[in-house]
Amino acid sequence: MSRPLEEHLDALVGKLDLSRKVRLLTGASHAHTYAEPAVGLRAMTFSDGPAGVRGPSWDDEEPSACLPCPTAVAASWDTGRAADAGRLLAAEARRKEVDVVLAPTINLHRSPVGGRHFECLSEDPLLTGRIGAALVGALQEHGVAATVKHYVANDSETDRFSVDVRLGERALRELYLAPFEDIVLTARPWLLMAAYNGVNGTTMTEHELLDDPLRTRWGFDGVVVSDWRATRSLAAASAGLDLAMPGPDGPWGEVLRKAVEDGAVPESTLDIKVKNLLRLAARVGALESVHAGRPAAVRAGRDVRARLRAAAADGTVLLHNARAALPLPLDRVRRIAVIGELAEHPRIQGGGSAEVCPAQVVSPLQGLRAALPPGVEVTYTAGSYLDGDPGPLPAACLRGENGGRAVRVRWLTDTGEEVRTESRDTGELVRFGSDVPQGAAAVELTTTMCPDLTGSWQLGFRGAGRIMFEADGRTLHDEDVPSAHDGPGADILTPPVRTFDVELTAGRPVELRVRQRIPAGGFALSFRAMRPRRSPADELARARQDARAADVAIVVVGTSSQIESEGFDRAHLCLPAGQDDLVRAVAEENPNTVAVVNAGAPVLLPWRGDVSAVLIAWFAGQEAGAALADILTGTAEPGGRLPMTWPAHTEDVPVLDTRPVDGRLPYREGIHVGYRAWLREGVEPAYPFGHGLGYTTWELVDLRQPAAVRHADAPDSPATVVTARVRNTGGRPGKQVVQVYLARPGSGIDRPVRWLAGFATAHAGPGETVELDIPVPWRALWHWDSQADEWAVEPGTFDALVGFSSADLHKTTTVDVPAGTQATPGGTPISQQAGSPRER
Ligand code: BGC
């Protein structure tokens, strides 16, 4: 920000009295800040989240593009792909008049059981930082603010509101802060979110880390916003927190005003926060007096679906491909058995605040049917039932009267009088805080469902609190439903489900009604239904039969929202609901079985040696099925490489437990996380970090010796560059990810066996050679010296091992660090550097 702008912002702050300043520092609602006409400030709109922009309300009548989940984006190992995700988010944000997107989530996959990893990028700080920076850069280039979150060490979900993470300075600096540092230094995000958890005894919204290194060393000049309801007390006002969200209630307000009047908090502290907020407003075009800056709105264009499809394919990881089972030999395939409930009802996104309402979803079954040439028959059977909750009422069974909309919503007063009525296409209703019609004390949904099958249906609702549910006038439920999970927002993000067995006849309509007393803080209410099911044994027998009769079996397996979602961690790494038995059974019947894994983070694949190919499709977004079909048919190549280590057995996992003891979660492993920990333990995972096969083969032809490292001229300049030439030795065009790992044999300090120091993606046709320059950032060479409380570098020779995964290294060169090289200026506080970008 230029000096005249800074002076202008100071002048605006000077125009505000104490009450107005205080008001600005707490949200006006769940998703908005306050406007302040006295300084020409309009309200700013915030929205989650990493895999799409939901908009200020959670409403399936205002759909959003649903991107592949962040692990899938990171799995592309392609900063260009991440930038495209950023551009799409920007276009969606501008379309929905959103100023601030609450993304990216850059916490690390410390333990594979972390429940929210689908939303984070990887287990490695460098990969996370590089992908995150590309996304932030592209988002902000189009005038939409990014929010890097959750600062810091919010790497698991158990007791997430209160857990006190205990970790040493080296792990903190070298791992958990590192992606934040990279993104702040290189992409200059306009916001950062302070996490719910504590670090070494202090809750993050009050932590000194919000000042040092964030503002002092890194020069962050944006807004520090609290995670939703993470502001505990007045103490956060004296720390680096600028904005307490959501509002209008919160621990600041009147209490903060009084504290300033009493002299407990200097008014100048508030001035800094308000100025940060106004600087953000200037950046997103919310400040009347600052016209320059915000670029014209970027539009997503007509190709959104194609971009989402390409992104999903580019993140898909082919782990194993025996006898070149993939792409499918379509000239020889006449019949394909598609098996698995997730093939028909895929999980396209993780659950929780990252969820968006997509306009359409392409399932694997639909995608494949659309992509296959005529003459190839596709059969489908679920094979096993995920123990997931019953889904929404099937759209095919909903019919509005006279072609109208199917669901009637009535907002009612305490005494049952109507405040408002509306009609909707689906019975999915979510409201935050006070976002309900004035005077409404209850809400009621009614619809007529026309069953398409005769038999025992499960019918019910999803919601928490006092709820009444009836079918054809018969009350099946009328009592309190306790929350399924703890913590603020849990009833909205992960509400419980209640269903009842109801005998229905195909074609005979049934009237459904659900009514809820509206709780303070918002609610989520919807109908739920599950069609009659065959017995598990019958279902499995059908799957066997389909598999036996087909040339190829595609079995889609994965996690359910009950085991992988925001707000809790996974209890184990197994696939739920007998899906392992399903894959084994299918593989027994058909030697050409392809397993597709629909999960956001690792699950155990005990049958991986029994199937001919394994694809990790992640939560691939709304075009999941189209992308999968592209990969199966060979129209696209699986471009992904694992952004985390994939374990073979739970007991092998070096860092597993995420359960705090007495409120504390010690990170005992220190700097040895992810592949670093696996390498140190000498245990082989099922698939190593960085692994993935495309449809062609590659050779690492040669490396050029990188130039010796000198002082970094700027904190974000590379220390040196490794140049690699790779050749596509196969018969198809393809993509390869070339990875550089550093090692320091005989080092005087505790180090990982090796650590990722750079990567680049190559695209080449058959026989073509590509030369890649892979920058090695200065940070990859420095270590945190806990004694000196400062960055340091160990002069001498580092090995640079180059290859196609952390365990598939083909050639080695060296990076020389001459004696006397110092960890500056990257290690020096930005405020002490000449030409500092920091102006506060
Ligand atoms: C999540 C954040 C999210 C916020 C607002 C919180 O529960 O941790 O990531 O941005 O809610 O929805």
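Since we're looking at a predicted model, the values are computed, not measured.

Caption draft 1: Representation of the layout of surface pockets. One number sums up the size of the second largest pocket: a volume of about 620 Å³. Lining the second largest pocket are 34 residues, with L126, D182, P777, R779 and A780 positioned closest to its centre. Of the residues assigned to the lining of the second largest pocket, the class counts are 20 nonpolar, five polar and nine charged.

Caption draft 2: The packing of helix 11 (residues 304-315) against helix 17 (residues 624-633), seen in detail. Packing of helix 11 against helix 17 brings their axes to within 8 Å, and their N-to-C directions diverge by 55°. By the angle class used here, helix 11 and helix 17 are oblique. For helix 11 against helix 17, the interelement crossing comes out right-handed. Between helix 11 and helix 17, the residues in contact are R309, A312 and A313 and A626, A627, D630 and I631, respectively. When the residues that make up the contact of helix 11 with helix 17 are grouped by side-chain class, the tally is five nonpolar, no polar and two charged.

Caption draft 3: Molecular detail of empty space enclosed by the protein. Applying the stated criterion across every chain yields a total of eleven cavities of 30 Å³ or more. There is about 110 Å³ of room inside the largest cavity. What lines the largest cavity is a set of 15 residues, and nearest its centre among them are R110, P112, E123, G674 and W678. Of the residues belonging to the lining of the largest cavity, the class tally is nine nonpolar, four polar and two charged. As for the second largest cavity, its lining consists of 13 residues, of which P364, A617, A620, A624 and L628 are closest to the centre. When contributions to the lining of the second largest cavity are tallied by element, the ones reaching two or more residues are strand 23 (593-598) and helix 17. The element contributing the most residues to the lining of the second largest cavity is helix 17, with three residues. Classifying every residue of the lining of the second largest cavity by side-chain character gives ten nonpolar, two polar and one charged.

Caption draft 4: Region of the structure containing the packing of helix 5 (residues 125-141) against helix 7 (residues 178-187). Running from amino to carboxyl end, helix 5 crosses helix 7 at an angle of 35°, the nearest separation of the two axes being 8 Å. In the crossing of helix 5 with helix 7, the sense of the turn from one axis to the other is right-handed. Across the interface between the two elements, P125, L126, T128, G129, R130, G132, A133, V136, G137 and Q140 from helix 5 touch A178, P179, D182, I183, T186 and A187 from helix 7. A per-class count over the contact of helix 5 with helix 7 returns eight nonpolar, six polar and two charged.

Caption draft 5: Spotlight on the packing of aromatic side chains. Scanning the entire structure with this criterion turns up 17 aromatic pairs. For the pair Y151 and W218, a centre-to-centre distance of 6.4 Å together with 85° between the ring planes defines the contact as edge-to-face. Of this pair, Y151 sits in strand 3 (residues 145-151) while W218 sits in the loop between strand 7 (202-203) and strand 8 (223-226), and the two are 67 residues apart along the sequence. Side by side, Y151 and W218 carry an identical accessibility label, which is buried. Taking the centre distance of 5.0 Å and the plane angle of 55° together, the rings of Y176 and Y667 count as tilted. Pair noted here: Y176 is in helix 6 (residues 169-176) and Y667 is in the loop between strand 25 (664-666) and helix 18 (675-681), with a separation of 491 residues, a long-range link. Taken as a pair, Y176 and Y667 share a single burial class, namely buried. Taken together, the ring pairs connect W77, Y675, F689, Y741 and F759 into an aromatic cluster.

Caption draft 6: Just the site of the ligand, in detail. What surrounds the ligand is the set D48, L102, R116, K149, H150, R160, M193, Y196, D227, W228, S353 and E566. Here an oxygen atom of the ligand and a side-chain polar atom of R116 are 2.7 Å apart. Here an oxygen atom of the ligand sits 3.2 Å away from a polar atom, N or O, in the side chain of E566. In isolation the ligand has 310 Å² of accessible area, and contact with the protein removes 95% of it.

Caption draft 7: Spatial organisation of the sheet that holds strand 18 (residues 474-481). Strand order in this open sheet of six strands is 13-12-15-20-17-18, and the pairing throughout is antiparallel. Only two strands of the sheet have a single neighbouring strand rather than two, namely strand 13 (418-424) and strand 18. Going from strand to strand, the sheet's axes swing by 15° on average, the running direction of each strand aside. Pairing of strand 17 (residues 465-471) with strand 20 (residues 510-517), which is carried by five bridges, proceeds in the antiparallel orientation.

Caption draft 8: Representation of helix 6 in the model. Of all the eight residues making up helix 6, seven are buried; the element is thus mostly covered by neighbouring parts of the structure. In this structure, the buried residues of helix 6 make contact with helix 5, helix 7, helix 18, strand 31 (782-785) and strand 32 (790-793).

Caption draft 9: View of the pairing of strand 30 (residues 769-777). Taking every second residue as pointing to the same face, the buried face of strand 30 carries V770, L772, I774 and V776, while none of T769, E771, D773, P775 and P777 on the other face is buried. Sheet analysis places strand 27 (residues 718-728) next to strand 30, joined by nine bridges and oriented antiparallel. From the neighbouring strand, A724 faces strand 30, where its bridge partner is L772.

Caption draft 10: Seen up close, the side chain of N590. Note on placement: N590 falls in the loop between helix 16 (579-589) and strand 23. Residue N590 is classed as buried on the basis of its relative accessible area of 2%. In this structure the side chain of N590 is engaged in a polar contact, spanning 2.9 Å, whose partner is the backbone oxygen of A547. A polar contact is formed between the side chain of N590 and the backbone nitrogen of N592, at a distance of 2.7 Å. The contact partners of N590, leaving out residues within four places of it in the chain, are A547, A550, D551, V552 and A553.

Rules and cut-offs
Residues numbered from 1 in each chain as written. Predicted model: local features only at pLDDT ≥ 70, side-chain atom pairs only at ≥ 80, totals over all residues. Heavy atoms only, no water. 1 Å grid on protein atoms, 1.4 Å probe; cavity = no way out; pocket = protein on both sides within 12 Å on 5 of 7 lines; lining within 4 Å. Points joined across faces, edges and corners; volume = space filled by probe spheres on them. Nonpolar A, V, L, I, M, F, W, Y, C, P; charged D, E, K, R; others polar. Axes fitted to C-alpha atoms, helices over the stretch in contact; angles between N-to-C directions. Helix = DSSP H or I, 4+ residues; strand = E, 2+ residues; numbered from the N terminus. Parallel < 35°, antiparallel > 145°, perpendicular 65-115°, else oblique. Left-handed = near helix turned anticlockwise from the far one by under 90°. Contact = heavy atoms within 4.5 Å. Phe/Tyr/Trp six-rings, centres within 6.5 Å; stacked < 30°, edge-to-face > 60°. Buried < 20%, exposed > 50% of the residue type's maximum accessible area, 1.4 Å probe, protein only. Near = heavy atom within 4 Å. Polar contact = N/O pair within 3.5 Å; in protein donor to acceptor, adjacent residues only side chain to side chain. Areas by Shrake-Rupley, 256 points an atom, 1.4 Å probe, with all protein chains shown as cover. Pairing = 2+ DSSP bridges.

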